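Descriptive structure summary
Residues per chain are reported as follows:
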Amino acid sequence: MGLLEKLKSGLRKTQEKLLHELKRIVAGVPKADPATLEELETILLGADFGVHVTNQIVQAVKSEFEEGEGRHASIIEIAKREIEKILLSNEKNWGRNGQLFGPGLYRAVNGPTIVLLVGVNGTGKTTTAAKLAWMIKQSGETAILAACDTFRAAAIEQLKTWAQRVGVDIVSASYGTDPAAVAHDAVMAAKKRNISYVIIDTAGRLHTKHNLMQELQKIRRVVSRQIPDAPHETLLVLDATTGTNALNQAREFNKAVPLTGLVITKLDGTSKGGIVVAIKKELGIPIRFVGVGEQMDDLQPFDAKQFVTALFNE
Ligand code: GDP
């Protein structure tokens, strides 16, 4: 299945609900009367587009219908245009000495590129680490996984299983080991074995939020002593099915560790994929990858245009 087909299939629940409901109001009265606008607002909020995106679309429909005197685009076309505008704004700016690697990751000019994955438990960090390693391997590069969630024995085992399945090396230590030490060893191993990418899986929960953020900062410090630019990527993994919780998590993590981008997982499990647009609008942090399933090839570099195409199923 091609990337677009897979994305379409991942977004099917959102797409079906959204288009079905939009078509229903469009099919009724082709006017932007208050009742229609109110229905539009309800539909968009219901798909988790959030207040700001919803307002932008409703206002755009209102003004276009007022000014267009019948020669305006349809409500669906206007919604699509506004969503595309939001997703395309403030596109990634690499600005550092690296380059963008084919599958959508930053690539250090010399030595291994360090990718740190952060996020609360259950959002899909470990799975995303494996999927990224697979994507890197598919493109002919090498990757090593670092099992830095040493606070959960099961997390270490889960990543080991994935490493085997994907066919990449892993650096791990026993339960309770200092995660920063594991990250350190993984970077050392990558340097020694000439491996291009180190994917660091981290804990999603410690005794307190403060402890967790301190732990992540420590990992960052340790790897930056080994490679001054590292980590080159700090990606926050968010679960699309958690709606506004995802937005709050992004705010919290971004305060503690500077994020280079977001990975939004489980789009296949929700009819509320509008959260992707809400997150982009409210936080402006680039969305870098989307997860559309549980298998290793179910992660895609985020492409705004393709996302809109899939959302409106063209
Ligand atoms: P972690 O605690 O953040 O490391 O989360 P895990 O990687 O263990 O993932 C938690 C659950 O979410 C697992 O059952 C994964 O298979 C599932 N998962 C992760 N990403 C996706 C996705 O894109 N789609 C679906 N449907 N499930 C996902």
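Structure report, in brief. (Residues numbered from 1 in each chain as written. Predicted model: local features only at pLDDT ≥ 70, side-chain atom pairs only at ≥ 80, totals over all residues. Heavy atoms only, no water.)

Re the overall build of the protein
Along the protein, the regular secondary structure elements total 12 helices and 10 strands. On C-alpha atoms alone, the protein measures out to a radius of gyration of 21 Å, which is about the 20 Å that the 2.2 N^0.38 rule sets for 314 residues. When the backbone C-alpha atoms are referred to their principal axes, the protein occupies close to 70 × 40 × 35 Å. Scored against the burial criterion, the 314 residues of the protein give a buried share of 53%. Looking at the protein alone, contacts between residues at least 24 apart form 74% of all its contacts between residues at least 6 apart. (Helix = DSSP H or I, 4+ residues; strand = E, 2+ residues; numbered from the N terminus. Rg over C-alpha atoms; globule rule 2.2 N^0.38 Å. Buried < 20%, exposed > 50% of the residue type's maximum accessible area, 1.4 Å probe, protein only. Contact = heavy atoms within 4.5 Å.)

Examining the pattern of salt bridges
This model, assessed by the stated rule, comprises 17 salt bridges. The partner of Lys6 in a salt bridge is Asp298, and the shortest N-O contact between them spans 3.2 Å. With Lys6 in helix α1 (residues 3–10) and Asp298 in the loop between β9 (287–291) and β10 (299–301), this pair connects stretches of sequence that are 292 residues apart. Residue Lys6 shares its accessibility class with Asp298, and that shared class is buried. With a shortest N-O distance of 2.8 Å, Lys218 and Asp178 are connected by a salt bridge. Note that Lys218 is positioned in helix α9 (residues 209–226) and Asp178 in the loop between β5 (169–171) and α8 (179–193), a separation of 40 residues in sequence. When salt bridges that share partners are traced, they join Glu64, Arg81, Glu82 and Lys85 into one network. (Salt bridge = Lys/Arg side-chain N within 4 Å of Asp/Glu carboxyl O.)

Details of unusual backbone geometry
Omega for the peptide link from Ala230 to Pro231 comes to -5°, which places this bond in the cis form. Relative to the assigned elements, Pro231 resides in the loop between α9 and β7 (233–239). Phi is positive for Asn194, close to 60°, though the residue is something other than glycine. Locating Asn194 in the fold gives a position in the loop between α8 and β6 (197–202).

Quick look at the nonpolar core
Within the largest apolar cluster, 82 residues are counted, with the highest numbers of intra-cluster contacts made by Ile200 and Phe312. Here Phe312 is in contact with Gln15, Leu18, Leu19, Leu22, Ile76, Ala79, Lys80 and Ile83, once residues within four sequence places are set aside. Counting 25 residues, the second-largest nonpolar core is a separate cluster that includes Ala133, Ala163, Val166 and Val263. (Core = buried A, V, L, I, M, F, W, Y, C linked by side-chain atoms within 4.5 Å.)

Comments concerning the packing of α8 against α9
Running from N to C, α8 and α9 cross one another at 30°; their axes reach a closest spacing of 9 Å. When the axis of α8 is compared with that of α9, the two are roughly parallel. Crossing handedness for the pair α8 and α9: right-handed. Residues Pro179, Ala180, Ala183, His184, Val187, Met188 and Lys191 of α8 lie in contact with α9, whose contacting residues are Glu215, Lys218, Ile219, Val222, Val223 and Gln226. Grouping the constituent residues of the contact of α8 with α9 by class yields eight nonpolar, two polar and three charged. (Axes fitted to C-alpha atoms, helices over the stretch in contact; angles between N-to-C directions. Parallel < 35°, antiparallel > 145°, perpendicular 65-115°, else oblique. Left-handed = near helix turned anticlockwise from the far one by under 90°. Nonpolar A, V, L, I, M, F, W, Y, C, P; charged D, E, K, R; others polar.)

A few points about the site of the ligand
Close to the ligand lie 18 residues, the nearest being Gly122, Thr126, Thr127, Asp268 and Glu294. A distance of 2.7 Å separates an oxygen atom of the ligand from a polar atom in the side chain of Thr126. Asp268 is positioned such that a nitrogen or oxygen atom in its side chain is 2.7 Å from a nitrogen atom of the ligand. When the free accessible area of the ligand is taken as 580 Å², the share hidden by the protein chains comes to 81%. Among the residues forming the shell around the ligand, the class breakdown is two nonpolar, 10 polar and six charged. (Near = heavy atom within 4 Å. Polar contact = N/O pair within 3.5 Å; in protein donor to acceptor, adjacent residues only side chain to side chain. Areas by Shrake-Rupley, 256 points an atom, 1.4 Å probe, with all protein chains shown as cover.)

With respect to helix α6 (residues 125–138)
The periodicity of an α-helix, 3.6 residues per turn, causes residues three or four places apart in sequence to face the same way. Between its terminal C-alpha atoms α6 stretches 20 Å, which fits the 20 Å expected from 14 residues at 1.5 Å a residue. Here α6 lies mainly inside the structure; 11 of its 14 residues are buried. Listing the buried residues of α6 in full gives Lys125, Thr126, Thr127, Thr128, Ala129, Ala130, Lys131, Leu132, Ala133, Met135 and Ile136. Of the residues trailing α6, Gly140 is marked for its positive phi of about 90°. (Expected span 1.5 Å × (residues − 1).)

Brief notes about the sheet that holds β5
The strand order across the open sheet formed by eight strands is β5-β4-β6-β3-β7-β8-β9-β10, and the pairing between neighbours is mixed. Looking at the sheet topology across the chains shown, the edges are occupied by β5 and β10. For this sheet, the mean angle separating the axes of adjacent strands, direction not counted, is 25°. (Pairing = 2+ DSSP bridges.)

Notes on the pairing of strand β8 (residues 261–265)
The side chains of a regular strand alternate between the sheet's two faces. Among the five residues of β8, five are classified as buried, and the element is accordingly described as predominantly covered. On β8, burial covers both faces: Gly261, Val263 and Thr265 on one face and Leu262 and Ile264 on the other are all buried. Bridging between β7 and β8 involves five bridges; their strand directions are parallel. By the bridge assignment, Leu236 is partnered in β8 with Leu262. In this region the chain leaves β7, passes through helix α10 (residues 244–256) and returns to the parallel neighbour β8; the handedness of that crossover is right-handed. One ladder, built from three bridges, connects β8 with β9; its direction is parallel. Paired with Leu262 across the two strands is Ile287, which belongs to β9. (Right-handed = clockwise from strand over helix to strand, strands pointing away.)

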